[in-house]
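Topology and contacts: notes
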Amino acid sequence: MYQLLFFVFAAAAVGFAVNLLAQRHPIHSALSLIGVMASLASLYLMLGAEFIAVAQVIVYAGAIMVLFVFVIMLLNAAEEERTDRSRLARWMGLPLVLVLLSAITAILYRQVPPDSMVRFGDFPGQTAEIGRRLFLQFLLPFEVVSILILVAIIGAVVLARKET
Amino acid sequence: MVPLSYYLILSAILFGLGVAGFLFKRNIITMFMSVELMLNAVNLTFVAFSYHLRQLDGQIFVFFVMVIAAAEAAVGLAIIIAVFRNRESLNADRMDLMKL
Amino acid sequence: MEPNLQLWLIPLLPLAGAAWNGIWGKRRSERAVAAVAVGVVALSFLWSVRAFFALSEAPHVETYSHWISAASFQVPFSFYLDPLSAVMALIVTGVGLLIHIYAAGYMQTEGGYYRFFCYMNLFLFFMLTLVLAGNYLLLFVGWEGVGLCSYLLIGFYFRRDDAADAGKKAFIVTRLGDLGFLIGLLLLYWTFHSLDFGRVMSAAAEFPVESESFGPLTIICLLLLVGAAGKSAQVPLYVWLPDAMLGPTPVSALIHAATMVTAGVYIIARSAPLYVHAPDAMLAVAVVGGVTAFYAATIGLAQNDIKRVLAYSTISQIGYMVMACGVAAFSAAVFHLMTHAFFKALLFLGAGSVMHALGGELDIRKMGGLRRYVPRTYWTFLIACLAIAALPPFSGFFSKDQILWQAYSSPFGGFAFWLVGVVTAGLTSFYMFRLLFLTFHGKPRWETGSPNTQHVAEHGHAGPVPHESPPLMTWPLIVLAILSLVGGWVALPFLWGGKDWSQFLEPAFRLAALPGEAAAHHEASTELVLMAISLLVSVTGIVLAYLFYLRRPEWAASASMRLRLLHTLLVNKYYVDEIYRALIVRPLVVGSSEFLWKGVDMFAIDGAVHQAARKTRGFGNTLRKMQSGNIRSYAAWVVLGAILLIGFLVVA
């Protein structure tokens, strides 16, 4: 059962990601990305990270992707043109990606004993504990990050302002 | 039950797709979305390892990554808007004012 | 304790004159310039006379201060006064004084008056440093300095290309000699660990005679000979002297007759103790001298430029002096040096007077019959010719006769040397009287009516109507003529109460006494016979010149027709200049310009620098292509970098 669910969501994630690359109009790519995030949220749930799964849906899919869609509509983005100005990216792009992939895989494989398994429920989500940690041990990063968001807001407003 | 390595491989694949998207797509918003895809792939890795090591630190890190991704998306999109106003185009190949 | 003679005044007075004239002379009148220049030389001469009378048995050395003081290599500023250097100083300052007075009149119309006297005084400073120096290194300073002044003065008319080239030629050719000299100095120091005259001479006297092998002394002496050959215009480094005649005539008189060219003889005489211990070197010296004397005399037979005849005559006479040194007749050599200074300077000054009278004419074929127009010049010139032809009672007779006798009788000499000397004497009197007859006798061949603009400017009439030179120029001629007459009488013992010339110079050459010398046993009668023969040869030369050029001039023309090959060879100076140019100068110039300049400098060195710049620029260009401004390229580079990093982690 677990395996089936895993493969379904994994295939969905990969499929949506491929679709992101395949589509020419950015709005289609944005919607594909939302699909990826939803699939990932499910996977998080299967790994027992409930808080993260919910945060993923609310923050990522709900806020960030909405922002993306707003911008795409604001700028009236059209289909992609067929320019190609980077010789390096064109010829070396695919090999580089494949090599990168294999390298990452190799490293990850080394770190993990081959027989470790994931079972549902082995590591239940501890949202309260996360909250506690955030406000106790990781208080400083928490506060800093909130100021960061403030700065980001101000920056975004200033950058995107219309010149009058 | 699924071997942990499957999650990791999935994450690697998603990361690779994100890199490919960044290299091959020309619309700058799409490139930005590929970056978000890469971040998500990394988040998956963190959560997988958090499970594997039975520690919550991975999930807290993912939390921070998300926050930062949000801030970054806001600012990045603002920049894209500003650049669009200047260059009248969303094609990354047209944004080469830094050429030597 | 001997009193301090302040010998430094002798060279330094002319130096002060040179400085004064050089710095302030340009704005002063000609009279002031000449007064200063002549005045300092006169003072220097008086001081030399004083030093001469203060001579004592042992050499008088004055040390002033340290010059080089480097552990064991010590060279002080020291001056050395012995009979040899005293005589040289007297000649230099005395004849120099007369020539300066003459030049004060001669150079009035030439331009650059103050510059001329500045250089002349400077020359005297260096020459006096040379003769008074107490060690070889200070002598070398004077040696180089006179070379410099010779260059400056030969090229005095620097606006003329040929004069400037002649100056360069003189300097470069004597440089070759200086190279030998310098190597000889190094060897000298290496052998004796000192360059001081006193120490070197006394050490050399202890050396064994190197008769069998080539020891250090022989090599040193040969190298010094190379230097002397350059400075004294001996074969094969004589080629600069005829061209040096392009300088003003007083320069030719002073430098290229009386003083600088005798520096080589001086140094050989000064190094006499070294030479007598190196018989092979002595032989080389004698051969060089003899060959030069004969060779230059043959060339002088066919020259038509009045100064060039005198130049070759100078080379020939110095050849006599060098040959005398080569047969260990050092005092005879110095004696001839003195008499030669008198009559050769007189000859040159007389030639200058002739040129002045004819408005600058140099070709003796265009002269003639000047006897009536310039009597004083004529009579003094005649006296000088008689002196150089070695007729008694003139000075040249005594000195040349001593050389010939020593050439025959000295243990280093031989019949061959004597024969060369006698034949050359005959040639000498022939060409000198040829010069005299063609210039002063016969029918005038100079052009009247061709206006010489310079002449017009100063005399107000056109064309060379020859007139005698002003007294400023003729008085020195007269004084020199008197000296040419009586200068040889120092060799007559009965005049000086039993002590004659060679005994006077003996203290200078005491250390050169030949070790274990078997006193050459020759009869006094042999000496008289030889004297008679040489006298006969000289008179024959005069008579032949009279016949060929006065009585039957057609004989001269037919002789040159019949011996056309020889005549052409002589007129063109055996084509030596052309040979040198082809064999030495052209390869050097071509080698320098083609190989060294184009090949090494432009191609290799500049090429390397340009290539380095080009490669750097090319590399920069390549790097520039990375900065395309294209985001996707940058992304690709980032991925590549990431792969490398990960790979590093995988591998390491």
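Below or above, wherever it landed, is the structure these notes cover. Computed from a predicted structure; not experimentally measured.

Moving on: the overall build of chain C. For chain C, the helix and strand inventory stands at 26 helices and two strands. Each of the three principal axes of chain C carries a C-alpha extent, and together these read 115 × 70 × 55 Å. When the 652 residues of chain C are sorted by exposure, 54% land in the buried category. Residue pairs in contact within chain C that sit at least 24 positions apart in sequence constitute 80% of those at least 6 positions apart. Element-wise, carbon and sulfur atoms account for 69% of the exposed surface of chain C, whose accessible area totals about 27500 Å².

This part takes up the overall build of chain A. Within chain A, the secondary structure is distributed over six helices and one strand. Along chain A, from the amino end to the carboxyl end, the secondary structure elements read α-α-α-α-β-α-α. Against the compact-globule benchmark of 15 Å for 164 residues, chain A has a radius of gyration of 20 Å, which places it well outside the compact range. Across its three principal axes, chain A shows a C-alpha extent of roughly 55 × 40 × 30 Å. Evaluated residue by residue, chain A yields a buried proportion of 37% over its 164 residues. Put simply, 64% of the contacts in chain A that link residues at least 6 apart link residues at least 24 apart. By element, 69% of the accessible surface of chain A is carried by carbon and sulfur atoms, the whole surface being about 9500 Å². Distance between charge centroids for chain A: 7 Å, based on 11 positive and 10 negative side chains.

With that settled, the discussion passes to empty space enclosed by the protein. All names here are of chain C. Tallied over the full model, the rule gives four cavities of 30 Å³ or more. Quantified by volume, the largest cavity comes out at close to 70 Å³. Lining the largest cavity are Ala389, Ala390, Phe397, Lys400, Asp401, Leu404, Ala425, Ser534, Leu535 and Ser538. At four residues, helix H17 (residues 395-409) tops the list of elements feeding residues into the lining of the largest cavity. Each residue belonging to the lining of the largest cavity can be placed in one class, and the counts come to six nonpolar, two polar and two charged. In this structure, the second largest cavity encloses a volume near 50 Å³. In terms of lining residues, the second largest cavity is bounded by Tyr238, Val239, Pro242, Asp243, Tyr312, Lys573, Val576 and Asp577. Of all the elements in the fold, those that place two or more residues in the lining of the second largest cavity are helix H9 (240-243) and helix H25 (576-626). The class makeup of the residues in the lining of the second largest cavity is five nonpolar, no polar and three charged.

Residues and elements named next belong to chain C. The calculated volume of the largest pocket comes to roughly 920 Å³. Lining the largest pocket we find 30 residues, and of these Arg434, Phe548, Tyr549, Ala556 and His567 sit closest to its centre. Listed by contribution, the elements that provide at least two residues to the lining of the largest pocket are helix H18 (415-440), helix H22 (524-551), helix H23 (553-562) and helix H24 (564-571). Residue contributions to the lining of the largest pocket peak at six residues, all from H18. When the residues that make up the lining of the largest pocket are grouped by side-chain class, the tally is 18 nonpolar, eight polar and four charged.

Core analysis: the biggest nonpolar cluster contains 206 residues, and Tyr136, Leu274, Tyr275, Phe330 and Phe433 of chain C have the highest contact counts within it. Ranked by residues supplied to this core, first place goes to helix H15 (residues 330-357) of chain C with 19 residues. Beyond its immediate sequence surroundings of up to four residues, Phe433 of chain C is in contact with Leu382, Cys385, Leu386, Ala389, Ile542 and Ala545 of chain C. Among the nonpolar cores identified, the runner-up in size contains 85 residues, and Val69 and Val71 of chain A, Ala48 of chain B together with Ala636 of chain C belong to it.

All names here are of chain C. With 14 residues, helix H16 (residues 375-388) should reach 20 Å at 1.5 Å per residue; the first-to-last C-alpha distance of 20 Å fits that figure. Along H16, ten of the 14 residues are buried, which leaves the element largely enclosed by surrounding structure. Those residues of H16 not exposed but buried are Thr377, Tyr378, Thr380, Phe381, Leu382, Ala384, Cys385, Leu386, Ala387 and Ile388. Turning to H16, the residues buried within the fold contact helix H14 (306-326), H15, H17, H18 and helix H20 (471-486). Phi for Ala390, located one or two positions after H16, is positive at around 65 degrees.

Glancing now at the interface of chain B and chain A. On the side of chain A, 82 residues touch chain B, which itself brings 73 residues to the contact. For the chain B face of the interface with chain A, the top three residues by lost area are Met1, Met33 and Tyr51 of chain B, together amounting to 11%. Counting across the chain B and chain A interface gives one salt bridge. The interface formed by chain B and chain A holds eleven residue pairs in polar contact (both at pLDDT 80 or more) in total. At the level of secondary structure, the elements contributing two or more residues to the side of chain B that touches chain A comprise strand E1 (2-3), helix H1 (4-24), helix H2 (28-53) and helix H3 (57-87) of chain B. Among the elements that take part in the side of chain B that touches chain A, H3 of chain B stands out by supplying 23 residues, more than any other. Tallied by class, the residues present in the side of chain B that touches chain A amount to 50 nonpolar, 14 polar and nine charged. Examined bridge by bridge, strand E1 (residues 117-118) of chain A and E1 of chain B share two bridges and lie antiparallel to one another. In the sheet register, Val118 of chain A faces E1 of chain B, and the bridge partner there is Val2 of chain B.

On to the interface of chain B and chain C, then. Listed as interface residues are 15 residues of chain B and, on the opposing side, eleven residues of chain C. Interface of chain B and chain C: buried area, both sides summed, is about 1000 Å²; carbon and sulfur atoms make up 62% of it. On the surface where chain B and chain C come into contact, there are zero salt bridges. At the junction of chain B and chain C, the tally comes to one residue pair in polar contact (both at pLDDT 80 or more). Of all the elements in the fold, those that place two or more residues in the side of chain B that touches chain C are H1 and H2 of chain B. For the side of chain B that touches chain C, the element with the highest residue contribution is H1 of chain B, accounting for four residues. Looking at the side of chain B that touches chain C residue by residue, the class counts come to ten nonpolar, no polar and five charged.

Thresholds applied
- Residues numbered from 1 in each chain as written.
- Chains lettered and ligands numbered in written order.
- Predicted model: local features only at pLDDT ≥ 70, side-chain atom pairs only at ≥ 80, totals over all residues.
- Heavy atoms only, no water.
- Helix = DSSP H or I, 4+ residues; strand = E, 2+ residues; numbered from the N terminus.
- Buried < 20%, exposed > 50% of the residue type's maximum accessible area, 1.4 Å probe, protein only.
- Contact = heavy atoms within 4.5 Å.
- Areas by Shrake-Rupley, 256 points an atom, 1.4 Å probe, with all protein chains shown as cover.
- Rg over C-alpha atoms; globule rule 2.2 N^0.38 Å.
- Lys, Arg positive; Asp, Glu negative; His and termini not counted.
- Charge placed at Lys NZ, Arg CZ, Asp CG, Glu CD.
- 1 Å grid on protein atoms, 1.4 Å probe; cavity = no way out; pocket = protein on both sides within 12 Å on 5 of 7 lines; lining within 4 Å.
- Points joined across faces, edges and corners; volume = space filled by probe spheres on them.
- Nonpolar A, V, L, I, M, F, W, Y, C, P; charged D, E, K, R; others polar.
- Core = buried A, V, L, I, M, F, W, Y, C linked by side-chain atoms within 4.5 Å.
- Expected span 1.5 Å × (residues − 1).
- Buried area = accessible area lost by both parts, 1.4 Å probe.
- Salt bridge = Lys/Arg side-chain N within 4 Å of Asp/Glu carboxyl O.
- Polar contact = N/O pair within 3.5 Å; in protein donor to acceptor, adjacent residues only side chain to side chain.
- Pairing = 2+ DSSP bridges.

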